[in-house]
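Breakdown of the fold
Residue-level listing of the chains:
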Amino acid sequence: MDIFTKFRENLEVYKSMGLNPLSLATGCAVKVDLIDTVYPALEKIRKILEERNITILPREDADIFVSRERIEMKRLINGGEFDADRAISLIQVNQETAGNPDAFSQFLVRVYTSIKTSRKLTIGKGHSIVTTKKDGEVAVLDLFRLEGREEKSYTVANNDTIQIVDPLDNPGSQVQVDVAISNSLNDLFTKGVFQDLTVVPVVDAPNIELKKKLLSNYENYVKKYGMNLRDDIQPSVGTLMMGATVVGKSNHELPTFYEKVSENMVIITTRFFGELTPINVHLWSLAVPELIEMMENRGISFSKVEKVKSEALEIMRRPNIHVAKVIYSYLPEFGKSFDERSHIAMTTDVTGPGIFVIKEFAEKARVDVELTSIPVVDRDICEFATENFIIPNSTIGTNGAIVMFADKRIADNIMEDLTKVGEKPEIIGYVKGKGNGSVYAPKDVMKLIRRDNVLKQFKIKE
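Reading the values: rules and limits
- Residues numbered from 1 in each chain as written.
- Predicted model: local features only at pLDDT ≥ 70, side-chain atom pairs only at ≥ 80, totals over all residues.
- Heavy atoms only, no water.
- Helix = DSSP H or I, 4+ residues; strand = E, 2+ residues; numbered from the N terminus.
- Rg over C-alpha atoms; globule rule 2.2 N^0.38 Å.
- Buried < 20%, exposed > 50% of the residue type's maximum accessible area, 1.4 Å probe, protein only.
- Contact = heavy atoms within 4.5 Å.
- Areas by Shrake-Rupley, 256 points an atom, 1.4 Å probe, with all protein chains shown as cover.
- Arc of directions from axis to C-beta.
- Phe/Tyr/Trp six-rings, centres within 6.5 Å; stacked < 30°, edge-to-face > 60°.
- Lys NZ or Arg CZ within 6 Å of the ring centre and 35° of its normal.
- Axes fitted to C-alpha atoms, helices over the stretch in contact; angles between N-to-C directions.
- Parallel < 35°, antiparallel > 145°, perpendicular 65-115°, else oblique.
- Left-handed = near helix turned anticlockwise from the far one by under 90°.
- Nonpolar A, V, L, I, M, F, W, Y, C, P; charged D, E, K, R; others polar.
- Core = buried A, V, L, I, M, F, W, Y, C linked by side-chain atoms within 4.5 Å.
- Bend = angle between axes of the 7 residues up to and from the residue.
- Polar contact = N/O pair within 3.5 Å; in protein donor to acceptor, adjacent residues only side chain to side chain.
- Pairing = 2+ DSSP bridges.

1. A word on the overall build of the protein
A count of helical and extended segments in the protein gives 14 helices and 17 strands. Against the 2.2 N^0.38 benchmark of 23 Å for 462 residues, the protein shows a C-alpha radius of gyration of 21 Å, consistent with a compact globule. Projecting the C-alpha coordinates of the protein onto the three principal axes gives extents of approximately 65 × 55 × 45 Å. Burial statistics for the protein: of 462 residues in total, 61% are counted as buried. Partitioning the contacts of the protein with sequence separation of at least 6, the portion at a separation of at least 24 is 86%. Per element, the accessible surface of the protein, about 18,000 Å² overall, is 48% carbon and sulfur.

Here's what the structure looks like:
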């Protein structure tokens, strides 16, 4: 079977599941838009929820709290009763709700007030994705009840999901699940958390056979990497969804020293950005063969796109536990203070929003930063993708690179340690000083991002 026939067959398979790979970008790109929908909606409802004793924490990669002697976890679908102290949520909404901050905010209020608890409830992390299925809306709520004395460690929890990574692969393949779990774990790894890892699958599918196949892939993954698997109830709206709620611990402080970020610091990335771009270019080349000729006129062969895509998938399916261990080694022990000559101050990963995450974290640290370079998986492919509107932001990824802010005096040591574990780190910018979160970006950012709502977040250098 040639690749074009396989593509057409797979397209029909995914369409029958309520997914159109050509209208929905892959991986983390299916998130509800942060700038236009999520943030405006949260502003609308913050006060309403606080009146109901519910607090939504400012955006963080994961929910972080001091470990307790007894932590009981329970999952609810669309609400229910449990005396919870903390919650992390996965919200799946249809395109209509996702495109309207008012409708999205109303959905969130319904979901969060549906949790019946007598305690003050903290929503530590929320994740929201879009489905093309009109009746595919669902809320998966993972709740934690904390009891007993505090321990000398942090518990960190996260939830993330994807719908598809590679539309040319079958939906039940091991690769899709590997990427999905690794992507969810990445928000723990960015914080240097790798101890006592538990994976709770989040899986839905149009039929029971596929659902079982996906769940068996989770067993393969946790066995391979020595993690714990927790069985729990799953959503059942019949859309294709794979991801995980993941929980881990750390007996070190975490790199959330936002107030310590200073002009002595540089920005280090573990590797390039934009792994989803070659997947989307490959997909669209099969849908619109004329693109292949356009690429070849630019000196980009179809075989090169296939090769770069294949390499990107292998990187995305590999958990960044090795990076977590490096970050952990540059953090103070639990309860000890931060020293800029020894410790990493701040970290995040570059996934769905692409390099917009730098802007978010610059604002969090109240500093202005300058990006000196934007390394991407393949410059020619990414520029071609942006120029031809194949993907509006070619810096986005899934299970993406981890970015860290650290003192320039320890940057070389960090980069050396990252190189030893197989990464290709580089310094991509520096902190200019205290400020309001301005990010100065090189002019070539316009060749990588076409979305105005993202571009206008940057001060572009002439």
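Additional details are given in the paragraphs that follow.
2. A look at helix α8 (residues 290–297)
In an α-helix, one turn spans 3.6 residues, which is why side chains three or four residues apart end up on the same side. Buried within α8 are the following residues: L291, I292 and M295. Along the long axis of α8, the arc covered by the buried residues comes to 105 degrees, so they all point the same way. Facing away from the buried side of α8, by more than 90 degrees, are the exposed residues E290, E293 and N297. Residue G299 follows α8 closely and has a positive phi angle near 85 degrees.

3. Things to note about the environment of T245
When you line up the elements, T245 lands in strand β10 (residues 241–250). Residue T245 is classed as buried on the basis of its relative accessible area of 0%. Look past the residues within four positions of T245 in its chain and what remains in contact with it is M73, R75, I88, D142, N158, N159, T198, V199, V200 and V202.

4. A closer look at the packing of aromatic side chains
Counted under the stated rule, the structure contains six aromatic pairs. One Lys or Arg, K364, reaches over the ring of F361 and ends 5.4 Å from the middle of that ring. The side chain of K432 reaches across the aromatic face of Y440, ending 4.7 Å from its centre.

5. Concerning the packing of helix α7 (residues 276–287) against helix α12 (residues 379–387)
Between α7 and α12, the shortest axis-to-axis distance is 9 Å and the interhelical angle comes to 60 degrees. Classified by the angle their axes make, α7 and α12 are oblique. Read as a crossing pair, α7 and α12 show a hand that is left-handed. Residue-level inspection shows T277, P278 and V281 of α7 in contact with α12, the latter providing I381, C382 and A385. Residues belonging to the contact of α7 with α12 are distributed by class as follows: five nonpolar, one polar and no charged.

6. Things to note about the nonpolar core
Judged by nonpolar contacts, the single largest core of 110 residues is most densely connected at V261, I355, I358, V369, M404 and I414. Sort the elements by how many residues they give to this core and helix α5 (residues 174–189) lands first, with eight residues. When near neighbours in sequence (up to four residues on either side) are disregarded, M404 contacts V266, I267, I268, T270, V323, I327, I344, M346, T347, I414 and L418. Grouped together as the second largest cluster of nonpolar side chains are 28 residues, L108, V111, I123 and L141 included.

7. Description of helix α2 (residues 34–50)
At K44, α2 shows its largest bend, some 35 degrees. All of the buried residues along α2 are I35, T37, V38, A41, L42, I45 and L49. On its buried face, α2 sits against β1 (54–56), α3 (95–98), α4 (101–113), β6 (121–131), α11 (356–365) and α14 (452–455). N-capping of α2 is provided by D33, with a side-chain oxygen placed 3.0 Å from the backbone N of I35.

8. Focus: the sheet that holds strand β16 (residues 439–441)
Within the open sheet, the seven strands sit side by side as β12-β14-β11-β15-β13-β16-β17. Their pairing is mixed. The outermost strands of the open sheet, each flanked by one partner alone, are β12 (344–349) and β17 (459–460). Against the sheet, helix α13 (residues 408–420) contacts β11 (265–269), β12, β14 (402–407) and β15 (426–434), and its axis sits at roughly 145 degrees relative to β14.

9. Description of unusual backbone geometry
With a phi angle near 70 degrees, N53 is a residue other than glycine that sits in the positive phi range. With respect to the secondary-structure elements, N53 resides in the loop between α2 and β1. A positive phi angle, near 50 degrees, is found at N399, a position not held by glycine. According to the relative accessible area criterion, N399 is buried, its value standing at 0%.

10. Considerations on the side chain of H343
Along the chain, the position of H343 falls in the loop between α10 (321–329) and β12. For H343, a relative accessible area of 11% gives the class buried. Not counting the four nearest positions on each side in its chain, H343 is found in contact with Y330, L331, P332, S337, F338 and I410.

11. Focus on the environment of F302
Here F302 is to be found in helix α9 (residues 302–317). Residue class for F302 comes out buried when judged on its relative accessible area of 13%. Along the chain, F302 and T155 lie 147 residues apart, while their C-alpha atoms are 45 Å from each other. Other than its neighbours up to four places away in sequence, F302 contacts I3, H282, S285, L286, I292, M295 and E296.

12. Quick notes on the packing of α2 against α4
The relative placement of two packed helices comes down to the angle between their axes together with the axis-to-axis distance. Where α2 contacts α4, the axes come no closer than 8 Å and their chain directions differ by 45 degrees. In terms of axis orientation, α2 runs oblique to α4. Considering how the two elements wind past one another, α2 and α4 form a crossing that is right-handed. Contacts between α2 and α4 involve D36, T37, V38, P40, A41, L42, K44, I45 and L49 from the first element and P101, D102, F104, S105, L108, V109, Y112 and T113 from the second. Its residues assigned to classes, the contact of α2 with α4 shows 11 nonpolar, three polar and three charged.

13. Topic: the pairing of strand β7 (residues 138–162)
With 19 of 25 residues buried, β7 lies mostly within the body of the structure. Across 13 bridges, the pairing between strand β2 (residues 63–77) and β7 is antiparallel. When the bridges of β7 are listed, E72 appears paired with R145. The pairing of strand β4 (residues 86–94) with β7 spans seven bridges and is antiparallel. Looking at β7, one finds that I88 is bridged to D142. Strand direction decides the pairing type here: β7 and β10, joined by nine bridges, are antiparallel. Note that in β10 the partner of D160 across the bridge is A244.

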